[in-house]
There are 2 protein chains.
Amino acid sequence: MADDVLFEFLHMEIVAHVYKEHATREDIDKERVTCVSTLELMGFRVGQGLIERFTKDCPTFKDDLDVMKFLCKDFWSTIFRKQIDNLRTNHQGTYVLQDNKFALLTQLSSGKQYLEEAPKYLAFSCGLIRGALSNLGLESVVTAEVSLMPSCKFQVVIQKL
Amino acid sequence: MADDVLFEFLHMEIVAHVYKEHATREDIDKERVTCVSTLELMGFRVGQGLIERFTKDCPTFKDDLDVMKFLCKDFWSTIFRKQIDNLRTNHQGTYVLQDNKFALLTQLSSGKQYLEEAPKYLAFSCGLIRGALSNLGLESVVTAEVSLMPSCKFQVVIQKL
């Protein structure tokens, strides 16, 4: 269905716009506001909004792992139409979420030469995760890495207060 | 369902980002590139991409009116989850599409004082229509007006070559 790709197309446009705007901009803001942080912050706010809707009728979560499982299943599959393939944790607040076929990377060629482009397309999603966790009371740092497209890993480190 | 609002949330973020970036930008581009045209162009490209998917398995259209009917029904309801409520034409290339409850306006308060904000939230959708028509071989000029939120009218004028 075409509505599946509406989000993906729009996401592509945003990434292109943010990078293009950055490239043409010569004032002092250039150093301070990076493209990645702009995209991450957009994702953060969208993640906050979405999780509110998602968890409206949910029972409360019993611990952090329970929250992460919810993100990997319900949250992820509603946004990206598949679940996270693998969730690992060191049981000390660090989680690694692996998606073997990440929706926002499948439209890129998987050739090695595009690997350096990949982080552009992950920043928004890092923000999505961080925003969702934040609204569930967990402050976190979320990073992503790609070693072989279109698979990628998100690392979530929960910040203990 | 929460995925219904993913597009709407992301759209809100884009509008906010484009206007904020414009407000902080003081160089010469400010005059040339308006926010509305930036958003319209994003919509144009997304519309082009979507219509390609949509019409992949479609029979050809018999005339312009047939194309417009398709946009009002299938295209609109996949993106905005409802059909256009009213389609009128002068049979000379001008079409008026009325949506009595336009999805991207329903999240705004319907108070009169917000009426002047409305065009921000219509530019992208004007582009969507123009992009879809363009890929179906029809060049057009698309404008929108709101008199009472959340209803709005899109005017499409087909450009004869």
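First, a word on scope: everything that follows refers to the structure included in this document. (Residues numbered from 1 in each chain as written. Chains lettered and ligands numbered in written order. Predicted model: local features only at pLDDT ≥ 70, side-chain atom pairs only at ≥ 80, totals over all residues. Heavy atoms only, no water.)

## Some words on helix α4 (residues 64–80) of chain B
Two residues of an α-helix separated by three or four positions point the same way, owing to the 3.6 residues in each turn. Residues and elements named next belong to chain B. The criterion, for reference: In this analysis the local bend is the angle between axes fitted, respectively, to the seven residues ending at and the seven residues starting at the residue. Each helix is a run of H or I in the DSSP string that is no shorter than four residues. Each strand is a run of E no shorter than two, and both are numbered from the N terminus. Each residue is assigned to one of three classes by its accessible area relative to the maximum for its type, calculated with a 1.4 Å probe on protein chains only: buried under 20%, partly exposed between the two thresholds, exposed over 50%.
The largest bend in α4 comes to about 35°, at Leu71. The set of residues buried in α4 consists of Val67, Met68, Phe70, Leu71, Cys72, Phe75, Trp76, Thr78, Ile79 and Phe80. Phi for Arg81, located one or two positions after α4, is positive at around 65°.

## Concerning the sheet that holds strand β3 (residues 140–145) of chain A
Whether parallel or antiparallel, the strands of a sheet pair through hydrogen bonds between backbone atoms. Residue and element names in this part refer to chain A. For clarity, the cut-off: We call two strands paired when DSSP finds no fewer than two bridges between them. What counts as an axis is a line fitted to C-alpha atoms, over the stretch in contact for a helix, and the angles between N-to-C directions run from 0 to 180 degrees. Pairs of residues are marked as contacts when any of their non-hydrogen atoms sit within 4.5 Å.
The strand order across the open sheet formed by four strands is β1-β2-β4-β3, and the pairing between neighbours is antiparallel. What marks the edges here is a single partner per strand, and that holds for β1 (86–89) and β3. Shown here is a sheet whose adjacent strand axes are inclined to one another by a mean of 15°, direction ignored. Bridging between β1 and strand β2 (residues 94–99) involves four bridges; their strand directions are antiparallel. Bridged to Leu87 within β2 is Leu97. Packed on one face of the sheet, helix α4 (residues 64–80) meets β1, β2 and β4 (152–158) and runs near 15° to β2. Along the sheet, helix α5 (residues 123–135) contacts β3 and β4; its crossing angle with β3, the most-contacted strand, is approximately 155°.

## Focus on the sheet that holds strand β4 (residues 152–158) of chain B
All names here are of chain B. Strand order in the open sheet made by the four strands is β1-β2-β4-β3, with antiparallel pairing throughout. Each end of this open sheet is capped by a strand with a single partner; those strands are β1 (86–89) and β3 (140–145). When the angles between neighbouring strand axes are averaged without regard to direction, this sheet yields 15°. Here six bridges tie strand β2 (residues 94–99) to β4, and the two strands are oriented antiparallel to one another. When the sheet's bridge partners are listed, Thr94 is paired in β4 with Val157. α4 contacts β1, β2 and β4 of the sheet and is inclined by roughly 15° relative to β2.

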